[in-house]
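# Structure assessment
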Amino acid sequence: GRTLRVPVLLALTLVSLAACDSEQDKSQATPTLDAQPITYKDIEAAKLTGPSCNYAAGQSMGAVVMAMNSEAVMKIDGALKRFTLDPQCDKLEKGTGSRYVAPGYVLDLAVKSESRHEQAGKIGFQGSVRLSDGKGRVLYGADGDVQCNE
């Protein structure tokens with residue numbers, strides 16, 4: 001039984017080493033961004049008005065992305081970043097789109113239409129946010145609640 005144990009231990013060691021390497025490669029290869037909730041002060045300062053859909057992350061109620069019909073904003077590392085609507089993208093609720101772009105960035109938004117519900121004049125969904133760099137690497141991703149209003 002002794003000769004069988006060595007290859008099994010060696011195989012387990014190699015598997016765990018491979019797992020460590022792939023974890024490190026991922027964290028070094030893609031710089032992740034820190035998205036913060038957009039505040040009322042941000043909205044006022046940027047003069048954001050009109051119908052919009054606000055995308056929250058996880059259980060939070062704070063929107064990390066605010067999408068309008070011609071642009072979207074996302075608060076990254078403490079500053080609002082503006083994205084313009086990709087005219088080729090799919091249309092979502094309230095004139096918003098599924099893709100917005102900025103130099104070096106692609107912002108993909110999605111809503112699960114089967115999760116649609118209306119409450120107090122607002123339309124809600126389950127949805128997701130994905131921000132990638134120009135090479136398609138995901139810099140930020142979150143699933144959460146989406147609120148659309150006039």
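Below is a summary of the structure that appears in this document. (Residues numbered from 1 in each chain as written. Predicted model: local features only at pLDDT ≥ 70, side-chain atom pairs only at ≥ 80, totals over all residues. Heavy atoms only, no water.)

### What to know about the overall build of the protein chain
Looking only at helices and strands, the protein chain features two helices and nine strands. Ordering the α and β elements of the protein chain from the N terminus gives α-β-α-β-β-β-β-β-β-β-β. Counting across all 150 residues of the protein chain, residues that qualify as buried make up 36%. Looking at the protein chain alone, contacts between residues at least 24 apart form 47% of all its contacts between residues at least 6 apart. Counting every atom, the protein chain has about 9,300 Å² of accessible surface; 55% of that belongs to carbon and sulfur. (Helix = DSSP H or I, 4+ residues; strand = E, 2+ residues; numbered from the N terminus. Buried < 20%, exposed > 50% of the residue type's maximum accessible area, 1.4 Å probe, protein only. Contact = heavy atoms within 4.5 Å. Areas by Shrake-Rupley, 256 points an atom, 1.4 Å probe, with all protein chains shown as cover.)

### A word on the layout of surface pockets
By volume, the largest pocket is sized at about 230 Å³. What lines the largest pocket is simply Ile-38, Ile-43, Asn-54, Ala-56, Ser-60, Met-61, Ala-63, Met-66, Lys-122, Asp-145, Gln-147 and Asn-149. Listing elements by their share of the lining of the largest pocket, those giving two or more residues are β2 (52-56), β3 (63-67) and β9 (138-149). Among the elements that line the lining of the largest pocket, the one with the most residues is β9, at three residues. Tallied by class, the residues present in the lining of the largest pocket amount to six nonpolar, four polar and two charged. (1 Å grid on protein atoms, 1.4 Å probe; cavity = no way out; pocket = protein on both sides within 12 Å on 5 of 7 lines; lining within 4 Å. Points joined across faces, edges and corners; volume = space filled by probe spheres on them. Nonpolar A, V, L, I, M, F, W, Y, C, P; charged D, E, K, R; others polar.)

### Concerning the environment of Gly-141
Checked against the element boundaries, Gly-141 lands in strand β9. The sequence separation of Gly-141 and Leu-109 amounts to 32 residues, and the corresponding C-alpha distance is 10.0 Å. With residues near it in sequence (within four places) discarded, Gly-141 still touches Val-129 and Arg-130.

### Considerations on the state of the cysteines
Under the definition given, this model contains one disulfide. Across the disulfide from Cys-53 sits Cys-148; the S-S distance is 2.0 Å. Classification of the bridge connecting Cys-53 and Cys-148 rests on its S-S torsion, roughly 115°, and on that basis the disulfide is right-handed. Remark: Cys-148 occurs in strand β9 and Cys-53 occurs in strand β2; sequence separation between them is 95 residues. Residues Cys-53 and Cys-148 agree in their burial class; the two are buried. (Disulfide = S-S within 2.5 Å.)

### Here we look at the side chain of Asp-133
Tracing the backbone shows Asp-133 in strand β8 (residues 122-133). The buried category is assigned to Asp-133, whose relative accessible area is 11%. Ignoring anything within four residues of it in the chain, the contact list for Asp-133 reads Gly-104 and Leu-139.

The quantities given are spatial measurements derived from coordinates; they are silent on function.
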